[in-house]
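Residues per chain are reported as follows:
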Amino acid sequence: MSDSTTIQTAELRQTRLQAGMYGRCVECHRDIADRRLRLRPHAFVMRCQACEERREQLRGRAAGVALRRGRFSPYSSVVSA
Ligand SMILES: [Zn+2]
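Predicted model only: the values in this text are computed from it and were never measured. (Residues numbered from 1 in each chain as written. Predicted model: local features only at pLDDT ≥ 70, side-chain atom pairs only at ≥ 80, totals over all residues.)

## Regarding the overall build of the protein
Thought 1: Check the secondary structure of the protein and you find four helices and zero strands.
Thought 2: For the protein, the sequential pattern of α-helices and β-strands runs α-α-α-α.
Thought 3: Expressed as a percentage of its 81 residues, the buried residues of the protein come to 6%. (Helix = DSSP H or I, 4+ residues; strand = E, 2+ residues; numbered from the N terminus. Buried ≥ 20, exposed ≤ 12 C-beta atoms within 10 Å, placed from the backbone.)

The following block contains the structure:
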């Protein structure tokens with residue numbers, strides 16, 4: 001809860017509007033559905049739903065592989081504490 005964060009977000013959004021980037025997917029450069037922008041009005045929606053989901057899947061798979069190999073655990077700090 002901070003006014004400065006809100007102002008910063010608005011300024012960044014304004015910058016993106018001026019740059020013509022807002023509402024456009026950074027990966028496939030298609031317009032992001034208005035519904036998606038309205039769902040996350042304060043978040044930076046940089047990808048369309050399809051690209052976002054693909055990204056989530058890739059990240060989840062990579063984390064799963066790392067966990068199985070025992071190289072990385074997001075819970076390690078909690079467990080060892
Ligand atoms: Zn996309």
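There's more to say after this.
## Topic: unusual backbone geometry
Thought 1: In this structure, H29 takes a positive phi of about 65° despite not being glycine.
Thought 2: Turning to its location among the elements, H29 is positioned in the loop between α1 (3-19) and α2 (34-39).

## Details of the confidence of the model for the protein
Thought 1: Confidence in the prediction for the protein averages 71 pLDDT; 58% of positions are at 70 or higher.
Thought 2: No element of the protein has a lower mean pLDDT than helix α4 (residues 76-80), at 53, and none a higher one than helix α3 (residues 49-69), at 81. (pLDDT = per-residue confidence, 0-100.)

## Regarding the environment of R47
Thought 1: Inspection of the secondary structure assignment puts R47 in the loop between α2 and α3.
Thought 2: When the C-alpha positions of R47 and I32 are compared, they lie 7.0 Å apart, and in sequence the two are 15 residues distant.
Thought 3: Leaving out residues up to four positions away in the same chain, R47 has contacts with C25, V26, E27, E52 and R55. (Contact = placed C-beta atoms within 7 Å.)

## Observations regarding the environment of D31
Thought 1: Inspection of the secondary structure assignment puts D31 in the loop between α1 and α2.
Thought 2: The sequence separation of D31 and R47 amounts to 16 residues, and the corresponding C-alpha distance is 9.0 Å.
Thought 3: Apart from residues lying up to four places away in sequence, D31 is in contact with G23 and R24.

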